[in-house]
Structures are given as C-alpha cells and as structure tokens.
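Architecture at a glance
Each chain, written out:
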Amino acid sequence: MRMASISLAGIALFLALAGPASAQAPFSFDSAFGRLPKNVVPIDYTIAIVPDAMELTLTGQESVVLDFRQATDTIVFNSLNETLDQVQLDGQAVDSAVSDDQKQLTTVKLGKPAPVGRHTLTFSYKGRIEKEPQGLFAQPYVKPGGGKGLLLSTEFESTDARRMFPCWDEPAFRSTFRLTMTVPAEWAALSNMPVASRVVQGNLATVSFAATPKMPTYLLEFSAGDLAETSADDSGTRLGVWAVRGQEKDGATALANARQILADYNDYFGYPFPLPKLDSIAVPGGFSGAMENWGAITYNDQILLVTASSTIADRQQVFSDQAHEMAHQWNGDLVTMGWWDDIWLNESFASWMAAKETDLRNPSWNWWESEDATKETAMGADARDTSHAIQQHVTDEQEAQNAFDPQITYNKGEGVLRMLEAYLGPDVFRDGIRRFMKAHAYSNATTTDLWNALSAASGRDVGAIVSTWAAQPGFPLVSVTASCDPDGKRTIRLSQRRFLLSGTDSGAAHWNVPLQIRSGSNGAPQALLLTKDGQTTSAGRCDEALTVNAGAIGFYRALYDEATLRTTTQRFATLSRRDRIALLDDQWALVEVGAQDLPTYLALANAMGDRLEERAWTQITRALGTIEFDERGGSGHDAFADYARSILKPVADRLGWTSKPNDTPGIQSLRRTVLEDLGDWADLQTIAEARKRFSAFLADRSTISPDDQEAVLFVVGRNADATTFEQLHTVAKTAKNETELRRDYAALMRVRDPKLAAEAAHIALSNEIPQQAATLRLNLVMALVDEQPQLSWTTFSDNVDVLMAPFTSYAPLAIAQYLPAAFWNSVPPDQLEAWLKQHVPAEMSSSIARGMETVHFKLGEKTRLVQAGDRYIAALPQRGSLAGGAPSTGTRAHEKD
Ligand SMILES: [Zn+2]
C-alpha cells in the first residue's frame, strides 16, 4: 500500500499493528503469530457473490476446501457483519454456527470431531457493501462528461476481506480463490486473475475469474463498473490500465510506466511476474493512496491518470507510486510477511525499491535527492523519545491502529535499506533479494529470513549489523573530532549517542553505523563500520572539507568539531550536491534541538548563492519558513522576513516565472517553492507579478502552463482581497477535472484575510467538493492552518467525523499522531491533549504521546528560534530593505492593490 504523502495533507487509508519488539525466527506456518487456530487450514475458496450496489447489500455462496491437520469438532474463522445460513461440512448440517461481530469471528461446532484430512465447508450468507473504502465498497462519482456514476471496488488490507466474505483473514493462511460475481451486464468486472467465463442473463452478467495462486486474503481484489482500458502485452504479461469510461486514454502514461517497471523488476527479482496479467485500476475516490492487490492494483485515480492538466510533479507521483505497488507484486504478494509485525518488510522494501526504480528510469529527476526530504521527515519522527522500532510485535489485530507509524514503517525502513544496500554493494544486495524470493515464493517470510538471505549473498552477518536499526527505536548522532599531525594529515575520532529532540541522550542505545567518509570535495568515500566509541581513522587533510555521510545516504546525523565545521563551511561551494544536502540537514536539525547555534546553519544557507539545486533550497526555505512562522506577531518578524527574502531573491531572479523547455522537474519545483515563499513573506514585487499573471489567466486560461499555475494561484490566493477571492473561487468552480480542482481549491485555502478564510473553510465543507474527492476536504481544512491556526482547528474539531470518515480505520492513528503536529500553535497543549483523549481509543495512548511530544518540541523550538533569529538579525551590519517587503508593522501586513 502506498501513502499518498506523509504530510497530513496526504493521509492515506492504512492499518497496521504494533507492540513491543521481540527476537524472531525464520518463518514457519505453525509458529507464525495469529489469532486463528492452525488445526483447520483453508486450501481453496469458491465464492459466488451477488452485490446489490443500490441497497448496499450482498448475498454470497461460499465453499471452502479445508485441511484438518488434527481431528476436531470446532472450526473458527473471521467474519464481520455477515449472517451465515445452511452451514454444512461435507454436505452434512453442522451443529451450530455462531458469529460474533465484536470478536470478528464465526465458530462452527460439529456433531462429532471430523477426522484428519480434506473436508469441505459450505454456507450461504448475507453481508454489506460499505460506503467507505473497507471491504467491498460502492463509490459514487461524477462521470467525465457529467452525470452520476457508481462503481464497486474492494480494499482489504489489513483485515477487511472478512467484510466481503467469511474467511481465514490472516496473512499466513495462503489459499487459492475462485471468485464469481454477478453484476450489471454493461459493466466490466475485474479481479486478480483473468475472466474465465461470463454468462449474461437478462441485464445481469455472472463473471467467473480463473483460480488465483496461493495467496493471503488481503490481496484479493474485485472492481466493477462502467470501466474501459488501455492495454499492452509484454513478455507474456498482459498489462491493462483501467479507468471510468471516457478517461481510459489518460492511462497511457501509466501503461508506458508499467511496461518499463515490469521489465526492470522481472530482471531485478530474478523471478518473472507470475500471473498472466497485471491490471492497474483508477478508482475515482475511494481512498487517497493505492493498494497492491496481486495482479489488480487499485489506485486513487489522481495518482494513476495523467491529463492535460497534470504537472510534472503529478507524473512523478504516478511513476513512483506505480513502482511502489509493482514492487509489492513480488515483495508482499509473491512473498508475504508471516504476520503484521513484519509489515515494514513489505512497506520499507517497496518504498526503497520504488525510489531506486524511479531514479533508474528518470535520471534527470534527481530522485534520491528529493527522497532526502522523506528521510528527514522520518528522522524528525524517530528523534522523539516516544518513537518505536521499525520491527514491532503485534499481539492482536484488533489493536490495529495502535502505534503504527508510516514515518517509521515506510520511510525509516526505506532509509535503512538504502544504507544497507550501499554498505553491501548493489549487486550483492540484489543477489540476496533474489535468494529471498526464490526461497519463499508463494509463501511467507520474516525479517530474519531477509537478513539470512543477504548474509548468504554477502558472506557477512547482516543480521548483526542491521538489527540495531530495525529492532530498536531512534538513530545515532555521530560526533566527529579531528586532530592534525604536523604535516596537516587528519585523524578523526568517532563516537555515537542517540539523537533526540529533547537533547542527545547518554543512554545505552548503540548502532553499527555504516559510515561513508569523504575528505575533500570529490573522490570516492571510504566505508567504515562504526561499532565502538572512540574508534579512529585517518581522513585526508585538515584543510579539506569533511563529511562522514557522503552522498547523504546514511540514516544518522553528524556533529563536527568547531574547526572542522568551519573548514567545511568555507569549502561549502566546492562540495558535491549531496554532501551539501547532508550538511544542511544535520546542521539545521542540530540548531532545532539547540545543540548548535543558528549562525552555523545560516552561514551554509548564505553560501548557496544562486546555485540552482532544488533539494538544498527546499531544505533552506523550510528552515527559514519555520523561523518566519515562529516570529509572527513578534517585533522581530519583519526584519527576519526581510532577511529571508534577501537569501531567496538571487535564486528567484535566476529562475524567473515561466518554465523553460529544458527545466528539470526539480528546477520547476524549485521555482514554485521560491515564488510561493516570497509571496508568503510579503515580497511586493512577487505579489505584483503574480497578480498581473493572474489577470491574464482569467482572460485566457492557456496563458499559464499547468506546471506554473500553482505558484501564481498560491501567491494570489495568499494575498487575495474579496474581489480576487471571488475570482479564484470561480476558477475553482469551473475546474475541468479533479487535478485542476485540487490545485484551485488549495489556493483558496491560503487566504490571509480572516473573513475570507472563514468563507474558505465553509467552501471546503460544502458540496462543491464532489464525493469522489472526499479525502480532499481534510487537506483543505489543514491548509488553513498556516495563516489561520484557530480557524483551522475549530473547523477540524467541529467536523472531525465528516473529515476523517474516508480514512476508515486509519483515522484514529492520524488524529493521535499527525494532527497535534499541525495544531501545535492553534490550541493550548493541555486542551489539545484532552481533546485527543476524548476522540481516540484509550489503547492508543502511545500515539497520543508521540503527537504531544511534537507539540511540546515545537513550542520550545519557537522560543529558541525567535531568540536566535532576533539575535542574528541584530548582529547583521545595517542595511536597507533588500527585497522591497511590506511595511513593517510588527505583524504581517496585508497589501491591497
Ligand atoms: Zn505499500
């Protein structure tokens, strides 16, 4: 499964489970954790379902071939909201069948124990079609040409297959599935496997799909509706991209991507894609992410289809999300984690593989550089005292929401795998993955199985290195102290402590850290495994720059002694792009926690000049933006905003306003970032130019390309008066498609004027947002927080049920862990915590603690940064307003035309 984004603005449906970590053995079915007894095991399901999409009900007929591994008179499996009837074993009525929706279990009692061997359980049942994306759900949508449409789709991970059919709904129970669905005859129907037969009777078609390979329940898929496809045949695999009729041509980019990715993955995994076809299905609405159902991946249509309104950033997301879901077709589907405690094995791997593939096929995208932002987010989460290990034991799937954290499960795991690949070497790492696939195909695996395969390939004890990263929370701060001999040769002494937002701790946590040490600006780095404190190594010359995280690959931070940092800062312009990024990241993080002074960071920002490097600049604009935000309402605000503008102006001048044909996507995104920040920081020239371009855009929408619209609309939106706001609103209401709609409504939410912002909040909740874009409402309300912290909070808290409904079982975790980070400045912390405790189940207290740790950190950081920012500005030589900012009023001025 793919999260659309890690920010609150991109919460995706997800579900996983957590508890304390424990030592782990290779996978075996009998020892795999689970709640269901293993004495009766499903082999093959035959399921025939007749859904009634209008009534939101379904009737089913199910027959399960079972292997009784012991004689027993009791059969236990999962069910939810289903009523079973005519329950028989081998054609004989059973004694009783009792379903308990609280426990999500059905228990069947036989008159006498059935002997060891094969038996067939049959029953009919009635169940529900859901309105939200869990189980089989009905999705209303607006047709491309207007008019109402309705389709059916499924979303089962982690534990919602049981909502569509009673089953053994745990990942270790692999079975084959033969699915038959009866749907309106004019509908297309899709599942994991190709259609085996289709019988039309009247206005209904009964569609049977070929039997699946052995797989877990959560990977079964069914979608049906007025769908059409674009397709290709590649090396024996039929690739289809499906969308609601009229949009299938927008799947052309996704189809081309899928062909590239399939070819690369067939090679990388050393195991050809094992199913006859692989469909990608664009669901209008449903959920905001994607789901890796084997052979039938479902996507929110916004992350699969590319229209004329799409930007390059949209295309990048399409490729990257496809690369993620397709990686799961091997790691996740062909080989599945034995139990949910190893969900990270699926998700970290797919995230890492997607980044590697996206980078491979799109070298101009500098993809690993942009992934650095993801790594930084993960490190921010993992620097909390309340963080948890990647690998966690899970005792009960009903605790699903507790403590699951995509920042750790997806993003830290991705970072750790990348570091490990660099340490072992890409070819050795790939050999290990190939061994892993071959050994566990059509079966399950644990994390230990992966380490064993990598150890076999590398001849090293990989488990000993990497378990310090997977089995304990946090990451190290590596301290580097240099000494120079009389010839200027440098020796560095290395030590480590856990890096924490609350200050570096002196506890017992320890990591085996694969360092990449580069002395000087170029040249290959030297690999060193830091295993003990006080370790020393030679590192070039003392007058050269130094990094111990060359290429910004490591999931750790570095703290250099003062003289070494000064030398590296002086040589900053000569470093490689990625070494610059690593230094900016670490120095800012150290300033944020109060371990280094602000000028050490700003010296690096100043040294960037007008160099066009997108990741370095997004790092800097985020840092400056944090200080500018914290300074708001204070006496030092305008002077700091003036300073921040002066840092950005040279690069803005070089970039200009309009995309150029040879711009990389990174340059385009840098242009947007810089212009939007200058607009936010009241740069009059930027605001005036945006307004001019907006006027032309109103007269002729073709005057600004999709890639350049966001910057103009966002700057205008931020500084809008009533007339401009209404013009923007009209643009939003007349959006041609959801891609435009998302961009246009987001611009409205940025408005600074409080009265207009209240109107924007009203619009976000109104019926102007179509049902298929229901997840967008939360993004819009959250977008208000930057300028209107209180309004955003009251709008959210007054409408929490409506806003969170599309996120289903992921909602409590998102509320507990992510909302506090957004609302830290909106409401006093004790009030926020009390509200969270009222709205989140009690067993999620650890998630609330994580959220609240961020709140308290942000409040402390604000005090530190305001003081440091004011001190820094006061120490600057006297100068005039460099960038023509708004008049100084002590609060942010609202400029009018
Ligand atoms: Zn995934």
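Residues numbered from 1 in each chain as written. Predicted model: local features only at pLDDT ≥ 70, side-chain atom pairs only at ≥ 80, totals over all residues. Heavy atoms only, no water.

**Here we look at the overall build of the chain**
Of regular secondary structure, the chain possesses 26 helices and 29 strands. Against the 2.2 N^0.38 benchmark of 29 Å for 897 residues, the chain shows a C-alpha radius of gyration of 28 Å, consistent with a compact globule. Over its C-alpha atoms, taken along the principal directions, the chain stretches across nearly 95 × 65 × 55 Å. Out of the 897 residues in the chain, the part that is buried amounts to 62%. Across the chain, the fraction of contacts at a sequence separation of at least 24, relative to all contacts at a separation of at least 6, is 71%. (Helix = DSSP H or I, 4+ residues; strand = E, 2+ residues; numbered from the N terminus. Rg over C-alpha atoms; globule rule 2.2 N^0.38 Å. Buried < 20%, exposed > 50% of the residue type's maximum accessible area, 1.4 Å probe, protein only. Contact = heavy atoms within 4.5 Å.)

**Observations regarding the pattern of salt bridges**
Counted under the stated rule, the structure contains 44 salt bridges. Arg645 is the partner of Asp642 in a salt bridge, and the nearest nitrogen-oxygen pair spans 3.4 Å. Note that Asp642 and Arg645 are positioned in helix H13 (residues 637–655) at a spacing of three residues, about one turn of the helix. The residues Asp642 and Arg645 share a single accessibility class, namely buried. One connected set of salt bridges, linked through shared partners, spans Glu628, Arg632, Asp680, Arg718, Arg750, Arg752, Asp786 and Glu787. (Salt bridge = Lys/Arg side-chain N within 4 Å of Asp/Glu carboxyl O.)

**A word on the packing of aromatic side chains**
Summed over all chains, the structure comprises 37 aromatic pairs. Here Phe269 and Phe349 contribute two aromatic rings whose centre-to-centre distance is 6.0 Å and whose plane-to-plane angle is 45°, an arrangement assigned as tilted. Of this pair, Phe269 sits in the loop between helix H1 (252–268) and strand E18 (277–283) while Phe349 sits in helix H3 (residues 343–361), and the two are 80 residues apart along the sequence. Judged on exposure class, the residue Phe269 and its partner Phe349 are both buried. Site record: aromatic cluster; members linked through ring pairs are Tyr265, Tyr268, Phe269, Phe273, Trp330, Phe349, Trp352 and Phe429. Over the aromatic face of Tyr423 sits the side chain of Arg460, whose NZ or CZ is 4.9 Å from the ring centroid. Just above the ring of Phe572 sits the side chain of Arg580; from NZ or CZ to the centre is 5.9 Å. (Phe/Tyr/Trp six-rings, centres within 6.5 Å; stacked < 30°, edge-to-face > 60°. Lys NZ or Arg CZ within 6 Å of the ring centre and 35° of its normal.)

**Considerations on the side chain of Arg752**
Inspection of the secondary structure puts Arg752 in the loop between helix H18 (738–748) and helix H19 (754–765). According to the relative accessible area criterion, Arg752 is buried, its value standing at 8%. Side-chain polar atoms of Arg752 contact the side chain of Glu787, separated by 3.3 Å. (Polar contact = N/O pair within 3.5 Å; in protein donor to acceptor, adjacent residues only side chain to side chain.)

**What about the sheet that holds strand E7 (residues 105–114)?**
With antiparallel pairing, the three strands of this open sheet are ordered in space as E3-E7-E6. Two strands lie at the open edges of the sheet, namely strand E3 (72–78) and strand E6 (96–100), each paired on one side alone. With strand direction ignored, the average angle separating the axes of adjacent strands in the sheet is 20°. In the sheet, E6 pairs with E7 via five bridges, with the strands oriented antiparallel. (Pairing = 2+ DSSP bridges. Axes fitted to C-alpha atoms, helices over the stretch in contact; angles between N-to-C directions.)

**Side note on the side chain of Arg518**
Residue position: Arg518 is located in strand E25 (residues 513–519). For Arg518, a relative accessible area of 11% translates into the label buried. Engagement of the side chain of Arg518 in a polar contact is seen with the side chain of Asp579, the distance being 2.8 Å. Every residue in contact with Arg518, bar those within four places of it in the chain, is listed here: Gly523, Pro525, Ala545, Leu546, Thr547, Ala550, Gly551, Ser576 and Asp579.

**Brief notes about the confidence of the model for the chain**
Taken over all residues, the pLDDT of the chain has a mean of 93, while the share at 70 or more is 94%. This model gives residues 4–22 a pLDDT under 50, and the stretch forms 81 contacts once residues within four places in sequence are excluded. (pLDDT = per-residue confidence, 0-100.)

**Quick look at the sheet that holds strand E28 (residues 546–547)**
On the basis of which strands lie adjacent, the open sheet formed by three strands has the order E26-E25-E28 and antiparallel pairing. The sheet is open, and its two borders are formed by strand E26 (526–530) and E28, each paired with just one other strand. Across five bridges, the pairing between E25 and E26 is antiparallel. The residue of E26 that forms the bridge with Gln516 is Ala527.

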